[in-house]
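# A structural walkthrough
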Amino acid sequence: MLPRLLLLSSVSLTLAAHARADAEYREIVAPFLEKHCMNCHDADTARAGFRMDTLGGDFTAGNNAGLWKEVMDRINSGEMPPKKKARPEAKESFAVVSWIAQQLAETTKRAQGAGGRVPLRRLNRVEYANTVSDLFSLDPQYARRIEKELPADGQVGGFDRGAAALFMDEGQLAQYMAVADMLLDEAVFMEQPQTQKLAWDAVREKWIHGIGVSWKDGTGKVVDDNPTPEFIASLKEPLARIQVDDNNEANAAAHRYVPHGPMAFAVKNGGVEYLSGGNNYRSHDNQRSVFHQHDWAKKGVTRDGWYRLRFKAGAFAGEGGEKQKEVKLVMEYCYGSPIQVVKGVVIDAPLEAPKDYEILVYLEQGPPGMDRSWNLAWDNGNKDVVIENPAFQAVQWAPVLAAGDIEKALLEKKPADQIAALRKKSEAALAAAARNRKNFAGPLWIYDPELDPAKRPRLWMGPMEWEGPLMEWPPQGRTALLPEVAERSDVEYVREVFRRFLPRAYRRPALEEEVESVAQWTLLSKNERQLSLEQAVREGVKNVLCSPAFLYLGGERGSGDGVKAKTADQQPLDPWQLASRLSYLLWSGPPDDRLRALAADGKLGAAAVLREEVKRMIADPKAGEFVRSFAGQWLSVRNFDNGTPPNRDVYGHYDDALRESSRREPLEFFSEVLRRDLPATSFLESDFLVINERLAKHYGIEGVTGDDFRRVATPADGRRGGVLGMAGILTFLADGSRTLPVRRAVWVLDALWNQPVPPPPPNAGNLPAIKEKNLSVRSRLDQHRLSENCASCHDRVDPFGLALENYDATGHWRDRQNGEGMSGNDDDPALDVSGQLSGGRNFATVQEFKARLLDEKKFFIKGFTEKLLCYALGRPINYGDYPVVEQITTHAAQHEYRLQEIIQATVASPFFTSK
């Protein structure tokens, strides 16, 4: 009876305290707000995006506690009400501040009493893919396929680990069942796939597109049957076809044949030597296709897996002014599709001594009916050694150019007599082209007189072989499940199978009744459906993969050996739960053998052991998943594809290589900071970059060669360093043709300061594009800020984006406005990136801007800690969590803000180790 009375007494006291707080709010706080705050912060004005009319007295609702703390801080500092407004009496302000402080203290106590609970949640799709990959020893590439098969997860606080967004409904469960079927059928219990071996000899095969060569037989009849390169090499007088009648291509009489002229290839030493140009087809990125078996992708890719392309090749990179750095052969599979693969190899063997090369790639089959493309191409320097004879080509192009002149004149509404003259010119050009097709004597192709063929790059290729899919048989996942399937099929064997499997699937010791339940269900399926033992075990495994014990985190149930709960509200995690929480934080996957062993021994909870495990796990390659998941979301890398890519007509230097390198740079940089345990302030400014050759070229840095990323010193000009000078981020925060400083500013405040900017008022409108006036983006923003309501928010936000205006829509450095019809030349506006941060610190350049950010690094460290804690706990960080945030940031300050120390303090925090 006494506990019940105590509980009732506690409830009564709590209700009385709430009633008293409500009365004080009505009598003291609400009148103060109405008198001094509502004029600027109600629904109509919402100055700086801050509304007080919706800020109630319940400090536990949403982020009310954090907003009330901001109100308290502004009143204490004298910032609010503004100096131009009537000032409240000191005792009024004190009463309001005291009330807020008291409510904040009560909120903190309640949050701490709840133990910073981490809610039960399901695996997100990355974690699911990594977990089944670990269970069945799947290829990492196949794990990414599984990831894509599951629907995108919702986010909480910018991360896909929040329980509130990781719901489970009927549709979600059906998807998990479908994916379980897929991975079990394709990667564990499938039939042994047949490895195909295909061969291609370009010398003796007809090229699918045709080589454009005809010939005369012994009777003098022209044969136009797409001969092989070997046959073409034997011809003394190869011919080229000209279509005389544009409207009657099928009629043989509509064709003429003239001498062909030089070829863009030569048959030598049992292979084909390609000149850098001619009538071999162009590929993406302006590369030249070589003769190859075009349908290998269709008939050769029979399932997801690894495929090998072998060939003999040699190259000449050119000499003198025609010399290239290297000759690279590139394989493109399903280019432009979601399953695209592009991989190249540098051909470093000389023409006279070719050697064997190999390209090993993981290819996905794609959905049924997909038209899978495949292409081989090489970089020829974008110069055609063999060109169409200008005596023919120029005459044939004249009507096209004339038609363009007419179209332009019509659009510009030129006088009728000018248009009539252009039409007459067009008719004359058409007549001349028709005569030219009938009378041109050839040759149709000639060497470009401005180039020296002997000095241009060349590529020699011999026979090619295709092999795949390449895979281990039987798969490890099956042999681990059923090591004795051929010898045993008894009931006890089924129990043994699941005694081994369930602890790894559930990430904890399995109870005997759980083993028995799955075993009996498996045997029931076997008997009722007349399944083989292997088929029945497959059904049992699928059952496990769709069970709550597998799909959910936070609910791992120990074997009874866990630490006893200290209170009913705050309970320490048992060792198995702690092992899972740690592994899914740092690896986005299940615990390994060492973590499981420490959990079984009950040693994992010891502070020293936990610290060593964090250090070990960060050093493990699987920590790349932490980089991919945490940094990929924190730095918006996952969203890069959702942005508007740069307009390549405006930014001609932007290519696929720059796009891919820009995507990798933030993650490579984060990995470097993590691996070397560097200060987290490196994200604001650093004396190093992590880049490859393509990015170095974009940044104007010399001495970096190759596609591999490596650490290099930042240039002395200070334009790069930290994340704010990274091309990928800056491109994502543009619209493809111009920079968006407000968007960049909002990103900086949210990602780096964890101070999300409220959405603009409905009538704010977008910043207009430049029309006629030669204005910089800053000048247009200045006009936008003429409205007092707009200025209140933009004055705080804009400096964080205008400071980055030296980076254009591709992250390339500029000193003058470009994009939107401007080229960044001397006639375009010079950029002014100066500004002032809210703390009153001024800057004139982006270098000074980053220095000012470092001056205020405490805000960044706090924001970064809140982001990391949100990611680690799977829930938003509220005011009641600030004591732990302060504990982590204090620890970080004592250790030079090193990234690993921030992670260590997060893992050691009571919120992470309790439930």
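As the structure is a prediction and not an experimental result, all values here were calculated from the model.

Scanning the protein chain from N- to C-terminus turns up 31 helices and 24 strands. Put simply, the protein chain has 915 residues, and 49% of those count as buried.

Further remarks concern the sheet that holds strand 14 (residues 374–378). Two pairing modes exist for strands in a sheet, parallel and antiparallel, and in both the strands are linked by backbone hydrogen bonds. In space, the four strands of this open sheet follow the order 9-14-11-12, with antiparallel pairing throughout. Taken across any chain shown, the strands that pair with only one partner, and hence form the sheet edges, are strand 9 (288–289) and strand 12 (341–346). Across six bridges, strand 11 (residues 328–333) lies against strand 12 in antiparallel orientation. Bridge pairing in strand 12 links K328 to V346.

By size, the foremost hydrophobic cluster in this structure holds 100 residues, and its most contacted members are W634, F683 and L752. In this structure W634 touches F159, F670, F683, W747, A751, L752, F860, F864 and K867, once residues within four positions along its chain are discounted. Residues W200, F265, L309 and A349 belong to the second largest nonpolar core, which totals 47 residues.

The subject of this paragraph is helix 6 (residues 140–149). Each α-helix winds once per 3.6 residues, and so residues spaced three or four apart point in a common direction. Residues Y142, A143, R145, I146 and E147 constitute the buried set of helix 6. In this structure, the buried residues of helix 6 make contact with helix 5 (125–136), helix 7 (170–188), strand 13 (355–363) and helix 20 (624–634).

A few words on the confidence of the model for the protein chain. With 86% of its residues at a pLDDT of 70 or more, the protein chain shows a mean pLDDT of 86. This stretch, residues 1–15, has a pLDDT under 50; its non-local contacts, to residues over four places away or in other chains, come to zero contacts. Across residues 558–568 the pLDDT falls below 50, and counting only partners more than four positions away or on other chains, this stretch makes 12 contacts in the model.

So, on to the pattern of salt bridges. Inspection of every chain in the model, using the stated rule, returns 67 salt bridges. The partner of D185 in a salt bridge is R538, with the nearest N and O atoms 2.9 Å apart. Placement of D185 in helix 7 and of R538 in helix 15 (residues 533–545) is noted, with a sequence separation of 353 residues between them. Residue E866 is joined to K862 by a salt bridge in which the shortest nitrogen-to-oxygen separation is 2.6 Å. With E866 and K862 both in helix 28 (residues 857–873), this residue pair falls four residues apart, about one helical turn. Judged by relative accessible area, K862 falls into the partly exposed class, the value being 35%. Among the ionic contacts, a cluster of salt bridges with common partners joins D181, D185, R529, R538, E539 and K542.

With their axes 12 Å apart at the nearest point, helix 18 (residues 593–601) and helix 19 (residues 607–619) run at an angle of 170° to one another. Judged by the angle between their axes, helix 18 and helix 19 are roughly antiparallel. When helix 18 is examined against helix 19, the residues R594, L595 and L598 are found in contact with a partner set consisting of V609, E613, R616 and M617. The residue makeup of the contact of helix 18 with helix 19, split by class, is four nonpolar, no polar and three charged.

Attention now moves to the side chain of H292. Within the secondary structure, H292 sits in the loop between strand 9 and helix 9 (296–300). We classify H292 as buried; its relative accessible area is 4%. Of the polar contacts made by the side chain of H292, one reaches the backbone oxygen of W374; its length is 3.4 Å.

Moving on, we come to the side chain of E665. You can see E665 is positioned in helix 21 (residues 656–675). For the buried residue E665, which engages in no salt bridge, the nearest side chain bearing the opposite charge is R720, 6.9 Å off. Contact partners of E665, with chain neighbours within four places excluded, come to V690, I691, L695, Y699, F709, M726 and A727.

Let's shift gears to the pairing of strand 10 (residues 305–316). Two faces, one strand: in a regular strand the side chains alternate between the faces of the sheet. Pairing of strand 10 with strand 13, which is carried by nine bridges, proceeds in the antiparallel orientation. What sits directly across from G305, in strand 13, is L363. Here strand 10 runs beside strand 17 (residues 458–470); their pairing, made up of nine bridges, is antiparallel. Following the sheet pairing, R308 is matched in strand 17 by E467.

Moving on, we come to the environment of C546. Within the secondary structure, C546 is located in the loop between helix 15 and helix 16 (548–551). Assessed through its relative accessible area of 18%, C546 is described here as buried. Residues C546 and L173 lie 373 residues apart in sequence; the distance between their C-alpha atoms is 7.4 Å. Sequence-distant contacts of C546, that is, excluding residues within four places in its chain, are made with L173, Y176, M177, A180 and L551.

On to the packing of aromatic side chains. Using the criterion set out here, one finds 35 aromatic pairs in the structure. Ring plane angle 45° and centroid distance 5.0 Å describe the contact between Y128 and Y176, whose orientation is recorded as tilted. Here Y128 is found in helix 5, whereas its partner Y176 is found in helix 7, with 48 residues between them in sequence. Ring geometry for W374 versus W466: centroids 5.4 Å apart, planes at 85°, classification edge-to-face. Here the residue W374 occupies a position in strand 14, and W466 occupies one in strand 17, the gap between them amounting to 92 residues. Accessibility classification places W374 together with W466 in one group, the buried group. Taking NZ or CZ as reference, R581 lies 5.8 Å from the ring centre of F912, over its face. Seen from the ring of F688, R711 lies directly overhead, with NZ or CZ sitting 4.0 Å from the centre.

With that settled, the discussion passes to helix 20. For helix 20, the buried fraction is high: nine of the 11 residues fall into the buried class. Every buried residue belonging to helix 20 is among E625, F626, V627, S629, F630, A631, G632, Q633 and W634, and all of these are buried. Positive phi shows up at S636, right after helix 20, with a value of about 65°.

Glancing now at unusual backbone geometry. The linkage connecting G468 with the following residue, P469, adopts the cis geometry, with an omega of 0°. In this structure, K413 is a non-glycine residue whose phi angle is positive, near 55°. With respect to the secondary-structure elements, K413 resides in the loop between helix 10 (390–411) and helix 11 (416–439). Its identity as a non-glycine residue notwithstanding, Y897 has a phi of 60°, on the positive side. Positionally, Y897 belongs in the loop between helix 29 (882–894) and helix 30 (899–908).

This part is about the packing of helix 17 (residues 575–586) against helix 18. Put simply, helix 17 and helix 18 touch, their axes get as near as 8 Å, and they point 155° apart. Between helix 17 and helix 18, the interaxial angle falls into the category roughly antiparallel. In the crossing of helix 17 with helix 18, the sense of the turn from one axis to the other is right-handed. Contact with helix 17, carried on its side by P575, W576, A579, L582 and S583, involves L595, R596, A599 and A600 of helix 18 and no other residues of that element. Residues belonging to the contact of helix 17 with helix 18 are distributed by class as follows: seven nonpolar, one polar and one charged.

Our next topic: the environment of G477. Within the secondary structure, G477 sits in helix 12 (residues 476–481). Owing to a relative accessible area of 2%, G477 belongs among the buried residues under this scheme. Between the C-alpha atom of G477 and that of F189, which follows or precedes it by 288 residues, the distance is 8.7 Å.

Cut-offs applied
- Residues numbered from 1 in each chain as written.
- Predicted model: local features only at pLDDT ≥ 70, side-chain atom pairs only at ≥ 80, totals over all residues.
- Heavy atoms only, no water.
- Helix = DSSP H or I, 4+ residues; strand = E, 2+ residues; numbered from the N terminus.
- Buried < 20%, exposed > 50% of the residue type's maximum accessible area, 1.4 Å probe, protein only.
- Pairing = 2+ DSSP bridges.
- Core = buried A, V, L, I, M, F, W, Y, C linked by side-chain atoms within 4.5 Å.
- Contact = heavy atoms within 4.5 Å.
- pLDDT = per-residue confidence, 0-100.
- Salt bridge = Lys/Arg side-chain N within 4 Å of Asp/Glu carboxyl O.
- Axes fitted to C-alpha atoms, helices over the stretch in contact; angles between N-to-C directions.
- Parallel < 35°, antiparallel > 145°, perpendicular 65-115°, else oblique.
- Nonpolar A, V, L, I, M, F, W, Y, C, P; charged D, E, K, R; others polar.
- Polar contact = N/O pair within 3.5 Å; in protein donor to acceptor, adjacent residues only side chain to side chain.
- Lys, Arg positive; Asp, Glu negative; His and termini not counted.
- Phe/Tyr/Trp six-rings, centres within 6.5 Å; stacked < 30°, edge-to-face > 60°.
- Lys NZ or Arg CZ within 6 Å of the ring centre and 35° of its normal.
- Left-handed = near helix turned anticlockwise from the far one by under 90°.

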